[in-house]
Amino acid sequence: MRLLLVGPPGAGKGTQAQFLAAHYSIPHISTGDIFRANLKAGTDLGNQAKSFMDRGELVPDSVTNDMVKDRLTQSDVAKGFLLDGYPRNVVQAEVLREFLAEHKTPLQAALELSISADEIIRRLSSRRTCRACGAPAEAGATKCSSCNGTDLYQREDDKEEVIARRLEVYQEQTAPIIAFYRSEGILLTIPAVGSVAEITKHAITALSNLA
Ligand code: AMP
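Residues numbered from 1 in each chain as written. Predicted model: local features only at pLDDT ≥ 70, side-chain atom pairs only at ≥ 80, totals over all residues. Heavy atoms only, no water.

Caption draft 1: Looking closely at helix H9 (residues 196-208). With 13 residues, H9 extends 18 Å between its outermost C-alpha atoms, agreeing within 8% with the 18 Å of an ideal straight helix rising 1.5 Å per residue. Among the residues of H9, those classed as buried are Ile199, Thr200, Ala203, Ala206 and Leu207. Angularly, the buried residues of H9 cover 125° about the axis, an arc narrow enough to put them on a single face. Pointing more than 90 degrees away from the buried face of H9 are the exposed residues Ala197 and Lys201. (Helix = DSSP H or I, 4+ residues; strand = E, 2+ residues; numbered from the N terminus. Expected span 1.5 Å × (residues − 1). Buried < 20%, exposed > 50% of the residue type's maximum accessible area, 1.4 Å probe, protein only. Arc of directions from axis to C-beta.)

Here's what the structure looks like:
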């Protein structure tokens, strides 16, 4: 299965990606997680990305596209992949399409998680992230449900002023990729409301009609 998730920040892409990747036994490739891991490790890539991430802006395409291509040439993607947080604009979507066409592994689905603006703000401002494994945590949780880590923190870019900018960036730059994938005939849209398990179920049902 080769698919990607698209939806505004706070739609639950990270959480759903974890469950769906496990369900289909494919790697979960989150560009945000890769950037954060590089930031933590103090690599050149992390330093290049930092100022953009802190402001809620997109990291330049040249940096992001090379990073994703590099990840997609690793051996574990032979059985498929789930991209989360990439592409974030139409240029990235075109680069991805070309790269996958060259490798004769076209995308099978772009799964859109659809959610209202009010709900996004509510979720993001209460969201916490596990410092040990990077998994998102439910509001009020004291322990990470993935690794049992107890150091849950608020991402710099989940603070209110940055959230507003991230939502603008989403509307201006990322939302147009929904029309891109609709015209490619591979867009599937599900409502990202209800429990995590219910949303996963909707996603698997929508994806089961493929291939
Ligand atoms: P995320 O965890 O997906 O919300 O990403 C966090 C931040 O990482 C974003 O606000 C961007 O600054 C950066 N980022 C993640 N994915 C991309 C991408 N595909 N293109 C550019 N910047 C990205």
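Caption draft 2: Up close: the packing of aromatic side chains. Enumeration according to the criterion identifies one aromatic pair in this entry. When the ring of Phe180 is compared with that of Tyr181, the centres are 5.0 Å apart and the planes differ by 85°; the resulting orientation is edge-to-face. Geometry around Tyr153 places Arg131 over its ring, the cationic atom sitting 4.1 Å from the centre. (Phe/Tyr/Trp six-rings, centres within 6.5 Å; stacked < 30°, edge-to-face > 60°. Lys NZ or Arg CZ within 6 Å of the ring centre and 35° of its normal.)

Caption draft 3: Representation of helix H2 (residues 31-41) within the structure. Residues of H2 that are buried: Thr31, Gly32, Phe35, Arg36 and Asn38. Taken end-on, H2 shows its buried residues confined to a sector of 160°, consistent with a single buried face. Exposed side chains of H2 directed beyond 90 degrees from the buried face belong to Lys40 and Ala41. Elements that come into contact with the buried residues of H2 comprise strand E2 (28-30), helix H3 (44-55), helix H4 (61-72), strand E3 (81-84) and strand E7 (152-153). Positive phi shows up at Gly42, right after H2, with a value of about 70°. (Contact = heavy atoms within 4.5 Å.)

Caption draft 4: How the structure looks around the state of the cysteines. Under the criterion given, the structure shown has zero disulfides. Of all cysteine sulfurs, the one in Cys147 lies closest to Cys130, which takes part in no disulfide; the gap is 3.7 Å. (Disulfide = S-S within 2.5 Å.)

Caption draft 5: Local environment of the nonpolar core. Core analysis: the largest hydrophobic core is formed by 23 residues, its most contacted members being Leu4, Leu72, Phe81, Leu83, Leu96, Leu107 and Tyr181. What Leu107 contacts, discounting residues up to four positions off in sequence, is Arg2, Leu3, Leu4, Phe81, Leu96, Leu100, Tyr181 and Ile186. Ala109, Ile115, Ile163 and Leu207 belong to the second largest nonpolar core, which has 22 residues in total. (Core = buried A, V, L, I, M, F, W, Y, C linked by side-chain atoms within 4.5 Å.)

Caption draft 6: Quick look at the sheet that holds E7. Judged by pairing direction, the sheet is antiparallel, and its three strands sit side by side in the order E6-E5-E7 without closing on themselves. Each having just a single partner strand, strand E6 (136-137) and E7 make up the two edges of the open sheet. Here strand E5 (residues 128-130) pairs with E7 via two bridges, running antiparallel. Paired with Thr129 across the two strands is Tyr153, which belongs to E7. (Pairing = 2+ DSSP bridges.)

Caption draft 7: The side chain of Asn65, seen in detail. Structurally, Asn65 is set in helix H4. Looking at Asn65, the relative accessible area reads 7%, which means it is buried. Looking at Asn65, its side chain comes within polar contact range of the side chain of Tyr86, at 2.6 Å. Not counting residues within four places of it along the chain, the set of residues in contact with Asn65 comprises Tyr86, Gln92 and Val95. (Polar contact = N/O pair within 3.5 Å; in protein donor to acceptor, adjacent residues only side chain to side chain.)

Coordinates in, geometry out; function isn't part of it.
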